[in-house]
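# Observations on chain architecture
So you can see what is in the structure, the chains are spelled out below.
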Amino acid sequence: MTELSIKIKIGNREYPMKVAASEEATIREAGKKINERLKSFQDQFGIDDKQDLLAMVAIDSFVEKLRATELRQTTDEVAMDQISKLNRLVSAEL
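Overview of the structure. Computed from a predicted structure; not experimentally measured.

## Digging into the pattern of salt bridges
One pass over the structure, following the stated rule, counts six salt bridges. Between Glu29 and Lys33 there is a salt bridge, and its shortest N-O distance comes to 3.6 Å. Taken as a pair, Glu29 and Lys33 lie in helix H1 (residues 24–45) at a separation of four residues, close to a single helical turn. A residue is classified by how much of its surface remains accessible, and Glu29, at 36% relative accessible area, is partly exposed. In this structure, Lys85 engages Asp81 in a salt bridge whose closest nitrogen and oxygen atoms are separated by 3.6 Å. Here Asp81 and Lys85 lie together in helix H2 (residues 50–93), a separation of four residues that amounts to about one turn. Ionic contacts of the salt-bridge type, sharing partners, join the residues Arg37, Asp60 and Glu64 into one network.

Thresholds applied
Residues numbered from 1 in each chain as written. Predicted model: local features only at pLDDT ≥ 70, side-chain atom pairs only at ≥ 80, totals over all residues. Heavy atoms only, no water. Salt bridge = Lys/Arg side-chain N within 4 Å of Asp/Glu carboxyl O. Helix = DSSP H or I, 4+ residues; strand = E, 2+ residues; numbered from the N terminus. Buried < 20%, exposed > 50% of the residue type's maximum accessible area, 1.4 Å probe, protein only.

Functional significance is not addressed by these values, which are geometric in nature.
Structural data, given as structure tokens:
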């Protein structure tokens, strides 16, 4: 596993990181998305305090993650229910 030393700029601060080469693009994209959200919240609410903006981005991101997890669990449950029904139908015909 090749590690790279990179710097990610978030909210006008640079953060040095060591990352796997295979993860570099994902981490850079995450940094870009964080900065986009920071800018969006700053424009939307007129807040300049970086710590407040970062807290808002963290909360918003985690709520989004929780919703996606909940949706995935619901989708998995529905899919498993449908698979079980199909299995019962196939078993009944055998």
